[in-house]
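Okay, here's what each chain looks like letter by letter:
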Amino acid sequence: MESLNSFLPLIWFGILALFLFMYVMLDGFDLGVGILSLTSSSEERRGILMTSLSNVWDANATWLILMGGSLFGAFPLAYATILSSLYIPIMVMVIGLVFRTVSFEFRENSKNKVFWNYAFGIGSFVATLGQGFALAGVIEGIKVDFNGHFIGTTWDWLNWRSVVIALTLIQGYVLIGSCYLIMKTSGKLQETHFKTAKLAAITTLLGAIAITTVVPIFSQFARERLFQAPFIYVFSIIPILGVILVTLLLISLNKKQEKAPFILTILIFLLTFLGLALVVFPYIIPPSITIYQAAASPSSLVFMLVFVGFLIPIMLFYNIYNYFVFRGKITAN
């Protein structure tokens with residue numbers, strides 16, 4: 001039983017990490033395209049951007065719902081504490097997602113599309129901003145008491161470092177959104193997104209450098225993790241690999257390759273995600289509560305594991321099939 005109590009929280013931490021990565025990767029380019037729609041010079045171009053998402057965006061967002069439900073069931077203490085401490089950025093994210101969802105549907109049947117166009121773009125920007133501030137709040141650490149209950153203030157998540165993290169996430173989503181549009185568009189519109197991808201790659205790299213430099217200085221938790229063996233050896237490799245991947249990305253963009261930039265951007269996201277997971281693990285509420293302290297009962301974890309064991313392959317198959325069916329470029333009518 002003791003080994004089961006140690007094994008199950010570890011499995012569920014991995015499942016939550018999978019759900020979160022799938023959401024960031026898939027809905028990331030989704031939100032990035034929404035932000036890029038604000039810069040479209042014509043309704044025809046904006047229509048192509050919206051059409052490129054029309055058959056995939058709702059499936060992309062499903063991973064966020066899965067992650068929220070799994071967090072509630074597997075780590076109820078973490079669910080309650082994180083929502084209490086990050087209530088405002090999470091509500092900002094939800095409001096942004098609601099705006100973009102409604103505008104996406106209403107735009108198709110509206111004679112005057114201007115309002116819904118801006119609602120979609122601004123909603124995407126606001127949702128990403130909320131996600132960035134929530135991520136910053138977790139990285140900075142959440143103040144809890146001995147029982148793991150939140151004892152901080154409403155605005156603990158807001159500081160200049162969280163602004164840098166949020167803006168960097170926006171640039172990251174613009175980058176993966178641009179790379180997605182390179183695959184889905186052609187002609188002048190594709191050329192435009194080759195340019196936006198180059199710019200976003202540089203700004204994302206600068207933001208990542210700033211975060212990597214600043215966070216250990218102001219966060220004792222991050223500093224202790226980053227400079228403690230054996231993590232110091234791992235974290236010394238990750239920035240080097242990141243710079244190499246960004247360099248390869250810029251080379252592929254200069255060569256006008258269509259698929260390589262998207263693949264390289266996914267690898268950059270994956271590398272960043274692994275770095276963050278190593279910093280946080282085994283804490284589910286940094287820097288105090290571990291996955292073992294916050295986990296639900298073993299019977300609950302086993303019951304959920306059986307259900308999720310069937311659900312994950314179905315979700316993965318559906319996503320792969322969906323992208324296979326709707327592959328190819330989007331052109332104007």
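Up top is the structure these notes are about.
Residues numbered from 1 in each chain as written. Predicted model: local features only at pLDDT ≥ 70, side-chain atom pairs only at ≥ 80, totals over all residues. Heavy atoms only, no water.

1. Focus on the layout of surface pockets
1) Next: In this model, the second largest pocket occupies a volume close to 540 Å³.
2) Next: Among the elements of the structure, α1 (2-37), α2 (43-53), α7 (160-184), α11 (260-280) and α13 (298-325) are those that each provide at least two residues to the lining of the second largest pocket. (1 Å grid on protein atoms, 1.4 Å probe; cavity = no way out; pocket = protein on both sides within 12 Å on 5 of 7 lines; lining within 4 Å. Points joined across faces, edges and corners; volume = space filled by probe spheres on them. Helix = DSSP H or I, 4+ residues; strand = E, 2+ residues; numbered from the N terminus.)

2. So, the environment of F106
1) Next: As for its position among the elements, F106 is in helix α5 (residues 87-108).
2) Next: On the basis of relative accessible area, F106 is assigned to the partly exposed category, the value being 46%.
3) Next: Linking F106 and W116, residues ten residues apart in sequence, is a C-alpha distance of 7.0 Å. (Buried < 20%, exposed > 50% of the residue type's maximum accessible area, 1.4 Å probe, protein only.)

3. Section: the nonpolar core
1) Next: In terms of nonpolar packing, the biggest core is built from 89 residues, with F75 and I284 touching the most fellow members.
2) Next: In terms of residue count, the dominant contributor to this core is α1 (17 residues).
3) Next: Here F75 is in contact with P9, W12, F13, L16, S70, I284, I291, A294 and A295, once residues within four sequence places are set aside. (Core = buried A, V, L, I, M, F, W, Y, C linked by side-chain atoms within 4.5 Å. Contact = heavy atoms within 4.5 Å.)

4. Some remarks on empty space enclosed by the protein
1) Next: By the definition in use, this model includes two cavities of 30 Å³ or more.
2) Next: Looking at the largest cavity, the residues that line it are W160, R161, V164, A210, I211, V214 and V215.
3) Next: For the lining of the largest cavity, the elements supplying multiple residues, two or more each, are α7 and α8 (187-218).
4) Next: The greatest single-element share of the lining of the largest cavity, amounting to four residues, is contributed by α8.
5) Next: Taken as a whole, the second largest cavity encloses approximately 30 Å³ of empty space.
6) Next: If you list the elements that add at least two residues to the lining of the second largest cavity, you get α8 and α10 (231-254).
7) Next: Looking at which element gives the most residues to the lining of the second largest cavity, the answer is α8, with three residues.
8) Next: Its residues assigned to classes, the lining of the second largest cavity comprises six nonpolar, one polar and no charged. (Nonpolar A, V, L, I, M, F, W, Y, C, P; charged D, E, K, R; others polar.)

5. Quick word on the packing of helix α6 (residues 114-140) against α7
1) Next: Their axes nearest at 8 Å, the elements α6 and α7 cross at an angle of 130°. Regarding the angle of α6 to α7, the classification is oblique. Like other packed secondary-structure pairs, α6 and α7 cross with a definite hand, here right-handed. Every residue of α7 that contacts α6 at F125, T128, L129, Q131, G132, F133, L135, A136, I139 and E140 is listed here: R161, S162, V163, I165, A166, L169, I170 and Y173.
2) Next: A breakdown of the residues in the contact of α6 with α7 according to their chemical character gives twelve nonpolar, four polar and two charged. (Axes fitted to C-alpha atoms, helices over the stretch in contact; angles between N-to-C directions. Parallel < 35°, antiparallel > 145°, perpendicular 65-115°, else oblique. Left-handed = near helix turned anticlockwise from the far one by under 90°.)

This is a description of form; function is not addressed.
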